[in-house]
Each structure stands twice: as C-alpha cells, then as structure tokens.
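Structural characterization, general
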Amino acid sequence: MGTIKNLAEGITALLKGLATTLKILSRKPVTEQYPEYRRPLPARSRAVIVLTRDPDGEERCVACYLCSAVCPVSCISMQSAEREDGRRYPRWFRINFARCIYCGLCEEACPTLAIQLTPNFETSGRDILKLVYEKEDLLVNHGGKNNEYNFYKRAGVAMVGDKGTQINEDKPVDLKSNLP
Amino acid sequence: MPKLKIDGLEIEVERGTKVIEAAARLGIIIPRFCFHPGLGPVGACRVCAVKFEEGPVKGVQMSCMTDAQDGMVVSTTDEEAADFRKHVIEWLMMNHPHDCPVCDEGGHCLLQDLTVAGGHGIRRYLGKKRTYNDQYLGVFVQHEMNRCIQCWRCRRFYQEFAGYRDLGALQIAHHTYFGRATDGQLESPFSGNIIDICPTGVYTDKPSRFTGRRWDFERGPSLCIHCSLGCHIITSARYREMTRLEARFSESVNGYFICDRGRYGFYYTNHPERPRRARIRTEEVSLDQAIQTAAQKIIQINQKNGPKAIACLGSARSCVENQAMLIRFCRVQGWNEPTYFETPTMAKKVKRAVARLDEQLAVSMREIEKADFILAVGADPVNEAPMLALAMRQAFRNEATIVVIDPRPVFLPFEFEHLPVAPDDLEPCLTALIKGAVHRSAAEKMGEEALRFYDTAPAEYPDAPIKNRMVKITQKLRQSRYPVIICGTSIVRETTPDVAADSALLLRAARGRAGLFYLMSEANTFGAALLSSEEGSVMDVVESIEKGSVKGLMLVESDPFRSFPDYERLKQAVDKLDLFLVMDYLPSFAARLAHLFFPTQTLFEMETSFVNQEGRVQFATSAYRGGIPISQISAGGHPLRVFRRDIPGGESQPAWQILAKLANIISLPGREMFSLSKNELWSWIAKEYPIFANVPIADELPDDVRVHLAQGREKLFPSGGQIRSGGLSRENSTLELVMGDWTFGTEELSTYSKYLQQVEKEPCLFMSPKDASMLGLKDRERITLPLDKGRLEMELRIVDTMAPGVIVMPKHRQLAWQKIEKWPVKVAMGQIRK
Ligand code: SF4
Ligand code: SF4
Ligand code: SF4
Ligand code: SF4
Ligand code: FES
C-alpha cells in the first residue's frame, strides 16, 4: 500500500514542477545581459569615488585629511599644500580602490562635498596597480550631487586679501580706532 | 591643608591650590581655555564653571579662580554648571570662523574638543561675524586672528612669563587683538610656545603647516639636544620625515615650555644633503662593504704602526651609547682612548665641573625658579642655554636678585645686575662678593682649606665703579635664604668651576642652603666627561698627526672643522692621514673629506640616553624608522608607485652598532666580541662606571635619575690660596678676544636647520665704548680683525654693557673664525683697522 502511495505522490510532484517550468518558459525573461545592457543605477549607489569642483570651477578638496582619517580600511592618502593665493589644496591625493569597501564614510565626513561616491563600479582589470587612482584620475569637472556649495565662501579663513568679504562677515576691525 | 570633595571624591591639597588643579589631581579635567598650569589663572574665559554645593563658596563659580578650601563640596557634572559652560562655548563660538578643515590646529584644538564635549553643535547666531586682519609674525608663527577667543594666554606667556614685549594685546573690548604693533619677526627666542598654548588656531606652527594632522603623526617622547639643558620634547614624524617638535612637560627640567632653537633645530635630520649611504672615497657602497674595507685598512695600519697609530674623536653631541661604545672599542683594541674636547683647557674645565657637582649642591631649573639670589659667572643664558633664562626670570618674578658676572654684553629678559669684567677678573669678582657676604667664622667651621680659600679671596674688587655696585649686591646676598651660583664652562678660566663650587659651599655654610648649576657646551658634555678617562684633546691628536705617530683618524659624530680653532692646521693634518674614517648623520665638512664614510642615525631614529648638565640621565624614544623622506623622493608629487621591502635611504645605523660590527671583524681571536644589544652595552657601562649602576636599563628611564660622582671623594677648596688676583694686571695695548655663543648660528646641529638660518643675525664684533674711542672706531663700521692665521672682516658694534679690555665675537656659522693658534687670544689694539 505504502509503495503505491509514494509513487503517486512522486509523480504528482514531478508534473507540478514541470507545469511551473512550462508556464515560465513562455514569460518574457527578466535577466539583463551585462555588458550588452547597462542598467542605470540610482545616483546614490556607492562605487568609484570622484573629487568634484565648486561652482567657480576650483577643486573643492582642501586636503583636510578627514576622509583619510575616517576611512575604515585606510585606502586614502594625500598631502596638503598651499596655493599661491592662500588656498589649501591636495598636492597629491591617492585612493587605493583595491582596498576600498565603498562604505561611503569618506563622503559623509567631507566638509566641502569634494569627495563623492558615484554609481560607476566598473573597475575590474588585470593589473592591480591600475586600481590605485591618483588625483588626476579622481578629479572631475563638475559638482557631482551638489553644484552650489562653496566652502571657501563661508570658511572665514583668509585667502590673500579677502578678509571680511565672505558670507556673513563684518569688515576687519580697525586697530587704529576705538569707535565701536 | 584644606580637604574638599569633588564629584564625590575626597582630596587634600596645599593651601592656595585652585579647585581646577585639585580636580585635575583626581583625574577630573574641568574644561579650561585661559587657565594653564604654567601660567596660572586669570578668569578670562568662564568655561571652567562648576557648582559649589556646600562650604564657604556657593553656586556656580569659576574653578580656576577659587582656592580650594575646607569643607567644599564641588560638582562638575551639575546641570546648571554644564548648561553654563555650554552657553559660554556657544558665545565664544559666535565669531569663530567655519574653517576647521583648513585650520592646522584642527585635530588637536582645545576649542574644537570642548565645543564637541560641551554639546554645542548647531550655530544659532546668524548675524555677521567679527573679522581681523592678520599679521606676518616671522618664520615660525602663522597668524589667523579670526580664530581668537580672547583667553589671553599668549600675552601672559609672551610678556609676563617670558619677558618680551613685542607681542601683546591691542584694541579694547569686543575688538581686542593679539599681535604686534607692526608686522615682523617675533623677537623672543621663546616665541614658538604661543603655538603650543593658544587653545585655538590663531598661532600655528608655520614650518609644519599642511604636513598632516595630529592623528597621522608618529609621535613619541624625546629630548632636545641643542644645548646642555636637555629639555623634554615630543616628536612628530610622517612619511619618513620629522615634521614638528613640541614641548613635553617635565617637572624638573623645562616645565611646560622650550625655546625656538630646540623647537626648530631638528631639520638637520631631514636635510636634503644628509649622507645616507656608506662611501669609499666618492663611491657609494653598502654599509657592510664599507665596514669590511675599514677593517682591512685598520688592520694594516695597526700591523705596520702599532695600535696607537689610530686616534678617535667622539663628540659631546653623541648619545651615551655611542660615547661608551667608542671608549670600549678603543680599550679592547688597545688604542688610545677617544677624545671628546677641543682643547686641554676645555677638557679640564668640564671634568672639574663634573667632579664637583654633588647631590646636595646640584639644583634643577625648577629649583632655580625658587632661588632668591642668583649669581651667574661666565654664563650668557639666552645664548648658551635659552630655557635657563626663563627659569631665572621666574625667580626674578618672585623678587630674586640676579647678578651676572660676564665680560660679554649679556641680555636677559628682566632686570638684573651685570658686572662686566674680563675673563681673568671673573674669579676675583665672584670671590670678593662671597667674602663680603660670608662671615669668616663660617669658613673657619669648614676647616683649614676653606679658611685658606676665604683668606686668599680679595676683600674687595679693585675696579672702582664695579666695586661701588657690589656693595649693594653684597648686602642682598647677605640676606638671601637660597642663593644659587650658575657657572658657565666656555669662557671661564680652568680654575673657575672649582672656585664656583667652593663659593657655593661657603654660601651654604653661611646661609644654610645654596645651589650650584653648571652650564656646558653640548647636550652630552656631562656624559663625555664622566665616561672618558683621558684628558686628551683634539689639539693633542693634531700634534700627533703632525709628528707622524698617528696615521689614522676615526671621527664618530664629530666635526672638528667647526670647533677646532685653527682650520688650516687641521686641514693639513687630515690631508696627511693614511686613513680618515667618519661616522655621522650631518653633511659636515669632515664627512666630505672622509676616505671612508658611514651613515649613522640621529636621535630621532634610535633609542638613546643623554646626560644633561646637572647629571640627569634622560631617555629618548625613536620617532620613526629613518630613511629618505617621501617628499624628497617624489619631489613633492605623489609617492612613487614602486614596492620594496627595505626603507629607501634607510641604511643608517646607530654609530655604536657600526662600531661593534667593525670591532668584531678586526678583533684578534680570543678578544671580547661585542653584541648588538643595548642592554648588554648598558651592563658594560654599569660595570665600568659604578655611578651608572643605579640607572635602570629599561626602555623608559625615569627622568629623575641623576649621576653624580661619589660624595666626599673630591678634594674641596682645591683653589684655596691661588685665586687669581686679576683686575689691574691687564696690559693696555692688547684686547682679549672672547668667543660668545648666539642663540641662533652657533650650536652645530641647529645651524643645519633652514628655518633657524633665516633668523640668524649677521655676525659682528662687540667692543666697549672706551676701547672704541681709543681706536677712533664708530658703531656699525666694518673692521678687520687680525688673528694668528689671517684677518677677519665683520661689522663692529659698540655696546656699553660689556667689559673694557675685551672684544667679543660669536662662534657663528657664517664666520670663518677658525684662524687661531692658541687660546687665549690677545689682539694688539693698533692692528684693528677699518
Ligand atoms: S568608501 Fe569607505 S573604504 Fe572607500 S575610501 Fe571611502 S571611507 Fe574608505
Ligand atoms: S574630506 Fe573632503 S576636503 Fe577633506 S581631504 Fe577628503 S576630500 Fe578633501
Ligand atoms: S590668540 Fe590664542 S592664546 Fe592669544 S588670546 Fe587669542 S585664543 Fe588666546
Ligand atoms: S633650552 Fe636648550 S635643551 Fe631646552 S629647548 Fe632650548 S636648546 Fe633645547
Ligand atoms: S579657565 Fe577658568 S575662566 Fe578660563
């Protein structure tokens, strides 16, 4: 008795499975053919990092070392320097994408909106050294997700000759006068 | 002593202790901006508010302004107090710029820390911010006044603590400004301290701007070796480059501060021309190859000319390990012991000073601050050991009388009595003062020798104007409770260190308490004097080379071309050598001439010990592992994309290890082999020099170990009966040449610093108005000075704060003064020309 019952159950299961297969065989496929088809990713998805520019077209990054400090895998390194006009900038800036885990903490830490993760994830290659990006490879000529913010306009720190001219600043105190 | 309770913990403190300090002792750090333990309270910032719950004071009060009293119950966590502090910070932040990312203080900023800790995050004030124009403050300090929170620390340090006037507060109220009247280099040689103490980023360290953030640096405790005081410092290094030095607190030595020579002198270690490869003549080879070649040459010479044919010079800027290993090396090889001093006189003076300093007389800089009478003989603190001048100033602020007996135009940042007398007159002047202040019975009690010393001291100084000034000084000395004698070792006579020690003994007998403080020329002069048993000098070595008995010369971190008085003679001697071997980390002249060169490590790359001028054995950890700075290899661009296991340019080794390796090759079978372990070397030191036996051989030495030669072994009052009469015996037709140090430009290592080079003043010759008028010379005229080996041209400065009968010239990097056959130098007056 038991054997016949088992046999019947087995056959039903097989047929059910086959029916499902047949049903789906006639549907339109959902698989996308990569790389023939490249799916547009949301702007906030996190992959290869860029260094953006402010609305004046200047490098946004002021080489404050905050992104390199926060990076959990220590893949960012840089050397800050001063331009002739007193603006601070990275003399060199390096990200090792072979180590980056695309966590986005650097972008979160950046006070100038310079460092941003982009949806571009296509970095595979045969030479691991190609994954070490220098500043030239990172710098783009747009503002990324924000095209308005300009850190140097509100920093309140002197670039040559612009004391007291930034957003919400009084004229410099006149040391020669006691008038209030 | 008042007993109080802070946050539930009980503590008993001395009367006069502020509540903020009492809390710190319990490990509770109350927020502060204006309070600094080195400067004291002022109550300017209001951020140290705490709640006084019980006791004589009630309510929210400033903990830095309130003395700890019996029965106080204090809460630092009280809601009302915390809210008060939060508001104070918000109010201090009102005008603060939004510039932490581009501020070099960011990462070690007190304002940043307290803003976050105090809970103020979002700006509520949306009005306009006050701004200030910044000033150019010179090579060391970058100015950004917008960041100021008016805590007054800078002015209190600069003017009150250090005694210089060119930086201070300008304007009033809401517009208060900290800076100078006009742009310009800060005049104080202690200016770098305002960078350390400013709680925000108004003053930042200019040479290290942009080099990195605090968290990126390799940091460690170390020592300053730019003078004999051995101040404590913290090093910062990044990317194989020493980037910055800061003061490290030391209770006995430097307190909270250091001088600018110490702060900016370290750049020799990153010097772009620093030799980093071993060389045979001009060819670069591996270190091992150079050691092999050296060993062969040494064996050859030893076989042909015997073991005494090779002489060794060490230096007083080398650490104890290097000095000791060199001595050990020479002893095992049967060579003459190495030489550490230029002239026999110098060796004698330093050895006498070291022999006479004992545990009871020796004082630290902190004790000098407590003295009520300071008598400095042949010492020019600002130039020779800058931090000593600050210690003396603290004594001055406590109303001490300060007297300096020195022929040079000594400047100190406070009022003092200067008795400018010629070097021959230092001893009579000092002893006349002592005799005036000490009763004969005190000497009598100390025994026959003391009495003889007392009796030979002149009853009064022969020169009238000085004699008259001494009357008042003697009176003060007679009333003093704690006199301290400071004695230099550079320009004084051979016997002066003994006379100073004897004088201190007499003062102690008369006044109950007295101190003695010697100044020495270099960081480890004391160590060299303790370790070396010979009194040989560079002079003797040069003579032996000329006679032909010495064929080979080995220099270990020593450049005699800087300090030897006769450059030509030394050069000729070196040219005669069969073997000239140099170990160093400086691109020195000697290094360039070397037949065989070995790169050694600087203090910042190895773990070392130094003995400062009061016999304090101090330890320094290594700051980084050495090698050529990345910025130099990549010329400022991004680091090279090459991978290797070794450190580029990292071949340098501690000199003592190179010596050990060399010794192990040349040693005959059966002789002692040297190990490369520091512990083994230290056990050798402790065995050979029992006074080092108490020094613990650990990686972190306690800083309060002092080594003094055994008590009572030295004969006291050896100078009895032979104090120079001096004074009037001076010939009138000659002037004695006295060499001075300058804060910037003299000390060897710091002269390789590109930043200190920028603040060096051009060397000049000082003359008293009396001598100048006799010669018909005018101030700022260019003159030429006849020396034994040629003339020297420089500017003349006429100053009335120096002794007549002498001319003073700096041992300056920019001055080729090494044209002297023998000390002392007398210059015929008629020979000085325009
Ligand atoms: S995404 Fe994360 S791992 Fe990658 S660089 Fe930024 S902080 Fe580092
Ligand atoms: S956090 Fe932003 S501004 Fe700072 S170094 Fe990184 S990218 Fe540059
Ligand atoms: S400049 Fe710095 S130290 Fe001086 S008052 Fe302002 S915040 Fe204080
Ligand atoms: S006083 Fe001497 S030891 Fe101290 S910091 Fe200055 S140079 Fe260095
Ligand atoms: S620390 Fe007490 S008022 Fe500033």
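Residues numbered from 1 in each chain as written. Chains lettered and ligands numbered in written order. Predicted model: local features only at pLDDT ≥ 70, side-chain atom pairs only at ≥ 80, totals over all residues. Heavy atoms only, no water.

Let's talk about the interface of chain B and chain A
How we decide: Throughout, a contact is declared for two residues whenever any of their heavy atoms are within 4.5 Å. Buried surface area refers to the total accessible area, computed with a probe of radius 1.4 Å, that the two partners give up upon joining, counted for both partners together. Salt bridges are defined by distance alone: a side-chain nitrogen of Lys or Arg within 4 Å of a carboxyl oxygen of Asp or Glu. Two N or O atoms count as a polar contact when they lie within 3.5 Å, although within protein this holds only if one can serve as hydrogen donor and the other as acceptor, and sequence-adjacent residues are included solely when both atoms are side-chain atoms. Secondary structure elements are taken from DSSP: a helix is a run of H or I of four residues or more, a strand is a run of E of two residues or more, and numbering for both begins at the N terminus. The classification used treats Ala, Val, Leu, Ile, Met, Phe, Trp, Tyr, Cys and Pro as nonpolar, Asp, Glu, Lys and Arg as charged, and all other residues, Gly among them, as polar. For two strands to be treated as a pair, DSSP must find no fewer than two bridges joining them.
The partner chain A presents 43 residues to the 41 residues of chain B that form the contact. Buried area between chain B and chain A, both sides added, is near 3,400 Å², and the carbon and sulfur share of it is 54%. Broken down residue by residue, the surface that chain B buries against chain A is led by Thr131, Phe210 and Arg641 of chain B, which jointly contribute 20%. Linking chain B with chain A are five salt bridges. Between glutamate 144 of chain B and lysine 163 of chain A there is a salt bridge, and its shortest N-O distance comes to 2.5 Å. At the boundary of chain B and chain A, one finds 25 residue pairs in polar contact (both at pLDDT 80 or more). A total of three residues in the side of chain B that touches chain A trace back to one element, the largest contributor, which is strand 6 (residues 129-131) of chain B. Tallied by class, residues from the side of chain B that touches chain A come to 16 nonpolar, twelve polar and 13 charged. Of the pairings in the sheet, the one linking strand 6 (residues 169-172) of chain A to strand 6 of chain B comprises two bridges and is parallel in character. Pairing of proline 172 of chain A across the sheet is with threonine 131 of chain B, part of strand 6 of chain B.

A look at the environment of proline 275 of chain B
All names here are of chain B. With respect to the element layout, proline 275 can be found in the loop between helix 6 (260-264) and strand 14 (278-280). In this structure the C-alpha to C-alpha distance between proline 275 and tyrosine 461, which are 186 residues apart in sequence, comes to 53 Å. Not counting the four nearest positions on each side in its chain, proline 275 is found in contact with Tyr585, Leu586, Pro587, Phe597 and Pro599.

Comments concerning the site of ligand 4
Residues and elements named next belong to chain B. Using the following cut-off: If even one non-hydrogen atom of a residue comes within 4 Å of a molecule or strand, that residue is called near it.
Around ligand 4, the structure places Cys224, His226, Cys227, Leu229, Gly230, Cys231, Ile258, Cys259, Arg261, Gly262, Pro386 and Met387. Counting only elements with at least two residues in the shell around ligand 4, the list comes to helix 6 and helix 12 (386-397). Considering only residue class, the shell around ligand 4 consists of eight nonpolar, three polar and one charged.

Focus: the pattern of salt bridges
Going through the model one piece at a time under the given rule, you end up with 61 salt bridges over all chains. Where lysine 135 of chain A meets glutamate 59 of chain A, a salt bridge forms, and the shortest distance between an N and an O atom there is 3.1 Å. Placement of the pair is lysine 135 of chain A in helix 4 (residues 135-138) and glutamate 59 of chain A in the loop between strand 1 (47-51) and helix 2 (66-70), with a sequence separation of 76 residues. Here the salt bridges do not stand alone but share partners, grouping Asp196, Arg214, Arg219, Arg244, Glu246 and Arg263 of chain B into one network.

Comments concerning the nonpolar core
Counted only if it meets this: In this text, buried Ala, Val, Leu, Ile, Met, Phe, Trp, Tyr and Cys residues form a nonpolar core when linked through side-chain atoms within 4.5 Å. With a 1.4 Å probe rolled over the protein chains alone, any residue whose accessible area is under 20% of its type maximum counts as buried; one over 50% counts as exposed, and the rest are partly exposed.
Tyr203, Met554 and Phe692 of chain B are the most contacted members of the largest nonpolar core, which has 194 residues in total. Ignoring anything within four residues of it in the chain, the contact list for phenylalanine 692 of chain B reads Leu530, Leu531, Val611, Val617, Trp682, Ile685, Ala686 and Val707 of chain B. Judged by nonpolar contacts, the second largest core, of 24 residues, contains Cys67, Tyr102, Cys110 and Leu131 of chain A.

Some remarks on the sheet that holds strand 24 (residues 596-599) of chain B
Residue and element names in this part refer to chain B. Here is the rule we go by: Whenever a helix is involved, its axis is fitted only over the stretch in contact; in every case the axis is a line through C-alpha atoms, and angles between N-to-C directions fall within 0 to 180 degrees.
Within the open sheet, the six strands sit side by side as 15-14-24-23-22-16. Their pairing is mixed. The open sheet has two free edges, formed respectively by strand 15 (283-285) and strand 16 (310-313), since each of these has just one partner strand. Here the strands of the sheet are splayed against their neighbours by 15° on average, with no regard to which way each runs.

Quick look at the sheet that holds strand 2 (residues 76-82) of chain A
All names here are of chain A. Pairing is antiparallel in the open sheet, where three strands are placed in the order 2-3-5. This sheet does not close on itself; its edge strands, each paired only once, are strand 2 and strand 5 (132-133). As paired strands, strand 2 and strand 3 (residues 88-96) are joined by seven bridges and run antiparallel to one another. Within the sheet, the bridge partner assigned to glutamine 79 lies in strand 3 and is tryptophan 92.

Distances and angles like these do not, on their own, reveal function.
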